[in-house]
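Here's the letter readout for the chains.
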Amino acid sequence: MTTLFTSYRLGGLTLPNRMVMAPMTRVRAAAGGLATSSMATYYAQRATAGLIVSEGVQPSAIGQSNPGTPGLHTDEQVEAWRLVTAAVHANGGRIFAQLMHGGRVSHSDTTGLQPVGPSAVPAVGDVFTPTGLQPAPTPRALDTAEVPEHARSYGDAARRAVDAGFDGVELHGANGYLISQFLSSNANLRTDRYGGPIVNRIRFAVEAVAATVEAVGGDRTGIRFSPGGTFWGVQETDVRELYTALLAELAPLGLAYVHLEATADEEVLVALRRAWPGALIMNPVLPMGPKQTSRDDADHWLGLGADLISFGRAFLANPDLVERLRGGLPIAPVDEGTYYQGGDAGYLTYSAHQYAG
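**Q** I would appreciate a short explanation of the nonpolar core in the present structure.
**A** Side chains that are nonpolar tend, in soluble globular proteins, to be buried together. Membership of the largest hydrophobic core comes to 88 residues, with the highest contact counts inside it found for Leu-72 and Phe-225. The dominant element in this core, judged by the number of residues it contributes, is helix H7 (residues 203–216), at 7 residues. Setting aside anything within four residues of it in sequence, one finds Leu-72 in contact with Val-57, Gln-58, Pro-59, Gln-77, Val-78, Trp-81, Ala-97, Leu-99, Ala-157, Arg-160, Ala-161 and Phe-166. Tyr-8, Leu-10, Leu-51 and Leu-308 belong to the second largest nonpolar core, which has 13 residues in total.

**Q** What exactly am I supposed to notice about the packing of aromatic side chains here?
**A** Each aromatic ring pair is described using two quantities: the centre-to-centre distance and the angle formed by the ring planes. A full pass over the atoms with the stated rule returns 11 aromatic pairs. Where Phe-96 meets Tyr-257, the ring centres are 5.8 Å apart and the plane angle is 35 degrees; that geometry is what we call tilted. In this pair, Phe-96 is assigned in strand E5 (residues 95–99) and Tyr-257 in strand E12 (residues 257–261), connecting sequence segments 161 residues apart. Each member of the pair, Phe-96 as well as Tyr-257, is classed as buried. A network of ring pairs unites the aromatic residues Tyr-154, Phe-182, Tyr-194 and Phe-204 as a single cluster.

**Q** Sorry, what's going on with the packing of H7 against helix H8 (residues 239–250) here?
**A** Each packed pair of helices is defined by two parameters, the angle between the axes and the distance between the axes. H8 packs onto H7 with a crossing angle of 25 degrees between their chain directions and a minimal axis gap of 10 Å. Looking at the two axes, H7 sits roughly parallel to H8. The way H7 lies across H8 gives a crossing that is right-handed. Of the residues in H8, those in contact with Ala-205, Val-206 and Val-209 of H7 are Leu-246, Glu-249 and Leu-250. Counted by class, the contact of H7 with H8 contains 5 nonpolar, no polar and 1 charged residues.

**Q** Would you mind showing me how to read the packing of helix H1 (residues 37–45) against helix H2 (residues 75–90) here?
**A** Remark: H1 packs on H2, axes separated minimally by 8 Å, with the N-to-C direction vectors making an angle of 25 degrees. It follows from the interaxial angle that H1 and H2 lie roughly parallel. Handedness of the H1/H2 crossing: right-handed. From H1, Ser-37, Met-39, Ala-40, Tyr-43 and Ala-44 reach across to H2, where they touch Trp-81, Leu-83, Val-84, Ala-87 and Val-88.

**Q** What's the story with unusual backbone geometry in this structure? I'm lost.
**A** Where the residue is not glycine, phi is negative for most of them; where a peptide bond is considered, it is trans in most cases. Although it is not a glycine, Val-27 sits at a positive phi angle of roughly 45 degrees. Mapping Val-27 onto the fold places it in the loop between strand E3 (19–21) and H1. Of note in this structure, Trp-232 is not a glycine but carries a positive phi near 60 degrees. Relative to the assigned elements, Trp-232 resides in the loop between strand E11 (221–225) and H8.

About the criteria used
- Residues numbered from 1 in each chain as written.
- Predicted model: local features only at pLDDT ≥ 70, side-chain atom pairs only at ≥ 80, totals over all residues.
- Heavy atoms only, no water.
- Core = buried A, V, L, I, M, F, W, Y, C linked by side-chain atoms within 4.5 Å.
- Buried < 20%, exposed > 50% of the residue type's maximum accessible area, 1.4 Å probe, protein only.
- Helix = DSSP H or I, 4+ residues; strand = E, 2+ residues; numbered from the N terminus.
- Contact = heavy atoms within 4.5 Å.
- Phe/Tyr/Trp six-rings, centres within 6.5 Å; stacked < 30°, edge-to-face > 60°.
- Axes fitted to C-alpha atoms, helices over the stretch in contact; angles between N-to-C directions.
- Parallel < 35°, antiparallel > 145°, perpendicular 65-115°, else oblique.
- Left-handed = near helix turned anticlockwise from the far one by under 90°.
- Nonpolar A, V, L, I, M, F, W, Y, C, P; charged D, E, K, R; others polar.

Listed below in structure tokens is the structure:
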């Protein structure tokens, strides 16, 4: 019988359990988008996860969304990440880098550059900047000739990630960022080969994944989606048809996995599970929603055919989450006020379960 604690072969890796630490923004990077020794400790503390997916890492300078986030587009960033990956591996873990191009969810005060997107349509809401929240700006619509360059940026960053010691990469195709913007029917108003019908709206995602597979191999490449999600104001029409078509295009590329968020009805998600022939990671609850993933949620989705289950906030406050769930131990609450405040409080200060002596 498959349980959360059954091992699993993922690409070239053998995972000791089916628990994945989901990617979560923590904005603790140093100036220049450099990883730090605190980040190395943070990830190493959670190395008992079957797989860690890092926080979003910008693949290019213009791809940076939030201040304080790390990058993988300079030699200095690669060198800084080696400390993190070495610490995770020394503790017996496995880690993928999540490659996240923010697209229109960015600000010139953060990057010094005007954000870009599929169309000149601003995101809905305020974005983080070095001086606080500001309204999302109107992005510059990418020319057709420019689009492949941004697709290739994922592959370029993937090469750097492997050079930095990561076991693979996950493209962030979810939550209203650049790949999600191209999939969207209201952020993407293009009339060229990247816009309009489904076959065109999925093109950027397929090209980004293909560039990454060419760079590091399919067994080192995953991608995350939020089918039907409305983050940053994106909307998607024909969700089931959109993602079924997209998965069909991705299937021949031999990816390590597809990672889905519970942003659509279960019926749609189960249909996508059936449409995808490879490994599936399922995030069973709405990211940043009112509920955290529980053992019951995980078991439910394992029963529906998911291969691996990702946990987000529970891993923040419980670096030993695997053992807590294995032993039925209490799950510590997370301090939401420390999510993005910087420093080590609420970052390295959560401890393993203390047994009564």
